[in-house]
Amino acid sequence: MTSVPMFRIPRPFDMHTHLRQGPLMRLVTRLTARHFDGAIVMPNTNPPILTGEDACRYQSDIMRSARGANASFLPLTLIKLTMETTPDIIIQAKKLGVVAAKMYPVGVTTNSADGVDLDKLRELYPTFKAMEDTGVILCIHGEVGGDVFVLDREEFFFEYLRQLHRDFPTLRIVLEHITTKAAVDLVRNLGKTVAASITLHHLFLTLNNVLCDPVGAGEFLRPHHACRPYAKRPEDRDALVRAAISGDPKFFWGTDSAPHPFDKKEADCCAAGVWTTPVALPLLVELFEKHEALERLAGFSSQFGLAFYGIKRRTRMLTMVKRAWTVPLAYDVRNGAKFVTKIVPFRAGQKISWKVARY
Ligand SMILES: [Zn+2]
């Protein structure tokens, strides 16, 4: 299948996204809800989402924002694990409908200063046991921090993943936004309770696109491509693409779309995150078409993730058309009529060949 002018797919479910708060949340949620049936929403907000009550409040805010775009959009808000997360917090959160908790090792990404100290991981064992017993999924930002060289941080985390999987064999674990061939191999070789999400941008970028974009003449350092974990070598990206199109249900789509105000990105010390929401689905279709794998798109983009989480959805269909469009240079964030800031999407100003026709 090389050229398909139009086709229908189930609305994808984003297994990892950041919807933020306030006016930014309202814009980003509306755009997400147009293309997605629902999303696993990360809790590293400020203040963070730490309990079931926090998660319910945040979920209601998001649902209100989504209403105009997609009334059936289902945001599943996670709680953030800290060293203070008790088994009781997990049990209460589960009762309130929380499906997963997210572990950020200290200092590895946005708002993770209160994250989990890997040297004291065993102190959280009662909490992991409560998660295992209640079926709350453990989502992990799989990097170590500290002095470890930045490109090795994912692989240095593997020993902790092996340890958790060995000590809690029925705890379902998602290694989020994997970036290396080694991570693909590891997840494939661990038991069926371990899966991985793969972002949109890690299917396209290598570190070259962050440090010295080959498209530009003499352009270096692309802050809008900077994220954690960083994109790695071409062979890593290619391994991620092979995993995504393989039809292996251990690998599913979580965009990790992570908007920041433009001045936080275009800065001396730039925030980590690539905002892919408006282009994510069209680019994923482009990629699967290029690899003649369109028949495996629905598995990766909606079915495998939901199956791993044990969520049943009657998803509506979306129509994709092959019609070129140019990605806006930025999207304005407004509070009512008042301009607040702007956010820059992935592939800003570039042409994309697929488009969502109706939503
Ligand atoms: Zn994330």
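Coordinates for the structure precede this section.
For the structure given in this document, a descriptive report is provided here.

Criteria and thresholds
- Residues numbered from 1 in each chain as written.
- Predicted model: local features only at pLDDT ≥ 70, side-chain atom pairs only at ≥ 80, totals over all residues.
- Heavy atoms only, no water.
- Helix = DSSP H or I, 4+ residues; strand = E, 2+ residues; numbered from the N terminus.
- Rg over C-alpha atoms; globule rule 2.2 N^0.38 Å.
- Contact = heavy atoms within 4.5 Å.
- Donors = N, O, S within 2.8 Å, 3.2 Å for Na, K, Ca; no water.
- Buried < 20%, exposed > 50% of the residue type's maximum accessible area, 1.4 Å probe, protein only.
- Salt bridge = Lys/Arg side-chain N within 4 Å of Asp/Glu carboxyl O.
- Axes fitted to C-alpha atoms, helices over the stretch in contact; angles between N-to-C directions.
- Parallel < 35°, antiparallel > 145°, perpendicular 65-115°, else oblique.
- Left-handed = near helix turned anticlockwise from the far one by under 90°.
- Nonpolar A, V, L, I, M, F, W, Y, C, P; charged D, E, K, R; others polar.

### A short note on the overall build of the protein
When you go through the protein residue by residue, the secondary structure sums to 11 helices and 14 strands. Taken over C-alpha atoms, the radius of gyration comes to 19 Å for the protein, in line with the 21 Å a tight globule of 359 residues would show. Projected onto its principal axes, the C-alpha coordinates of the protein cover approximately 55 × 45 × 40 Å. Sequence separation of at least 24 residues holds for 75% of the intrachain contacts in the protein that already meet a minimum separation of 6.

### Overview of the coordination of the zinc ion
Donor atoms from the polypeptide that coordinate the zinc ion comprise His-16 (NE2), His-18 (NE2) and Asp-256 (OD), at 2.1 Å from the metal. Between consecutive donors of the zinc ion, the numbers of intervening residues give the motif H-x1-H-x237-D. Using a relative accessible area of 6% as the deciding quantity, one classes His-18 as buried.

### So, unusual backbone geometry
Leaving glycine aside, a negative phi is the common case for residues, and trans is the common case for peptide bonds. Cis peptide bonds are those with omega within 30 degrees of zero, and the linkage from Asn-46 to Pro-47 qualifies with 5°. With omega at -10°, the peptide bond leading from Arg-228 into Pro-229 counts as cis. In this structure, Arg-20 takes a positive phi of about 60° despite not being glycine. Inspection of the secondary structure puts Arg-20 in the loop between β2 (13-17) and α1 (22-35).

### Concerning the pattern of salt bridges
Summed over all chains, the structure comprises 16 salt bridges. Among the ionic pairs, Lys-129 bridges to Asp-133, the shortest N-O distance being 2.8 Å. You can see Lys-129 and its partner Asp-133 sitting in helix α4 (residues 125-134), 4 residues apart, about one turn around the helix. Residue Glu-289 is joined to Lys-322 by a salt bridge in which the shortest nitrogen-to-oxygen separation is 2.8 Å. Taken as a pair, Glu-289 in helix α10 (residues 277-290) and Lys-322 in strand β11 (residues 317-326) lie far apart in primary sequence, 33 residues in all. Connected via shared salt-bridge partners are Arg-122, Arg-166 and Asp-167.

### Focus on the packing of helix α3 (residues 87-95) against α4
At their nearest, the axes of α3 and α4 sit 8 Å apart, and the two run at 25° to each other. For the element pair α3 / α4, the angle class is roughly parallel. The interaxial crossing formed by α3 with α4 has right-handed handedness. In contact with Pro-87, Ile-90, Ile-91 and Lys-94 of α3, α4 contributes Pro-126, Thr-127, Ala-130, Met-131 and Thr-134.

### Remarks on the packing of α1 against helix α2 (residues 52-66)
Contact pair α1 / α2: the axes reach a minimum separation of 8 Å and the direction vectors enclose 65°. Of the possible angle classes, the one that applies to α1 and α2 is roughly perpendicular. Remark: the crossing between α1 and α2 carries right-handed chirality. Of the residues in α2, those in contact with Met-25, Arg-26, Thr-29, Arg-30 and Ala-33 of α1 are Tyr-58, Asp-61, Ile-62, Ser-65 and Ala-66. Class assignment of the residues belonging to the contact of α1 with α2 gives a composition of 5 nonpolar, 2 polar and 3 charged.

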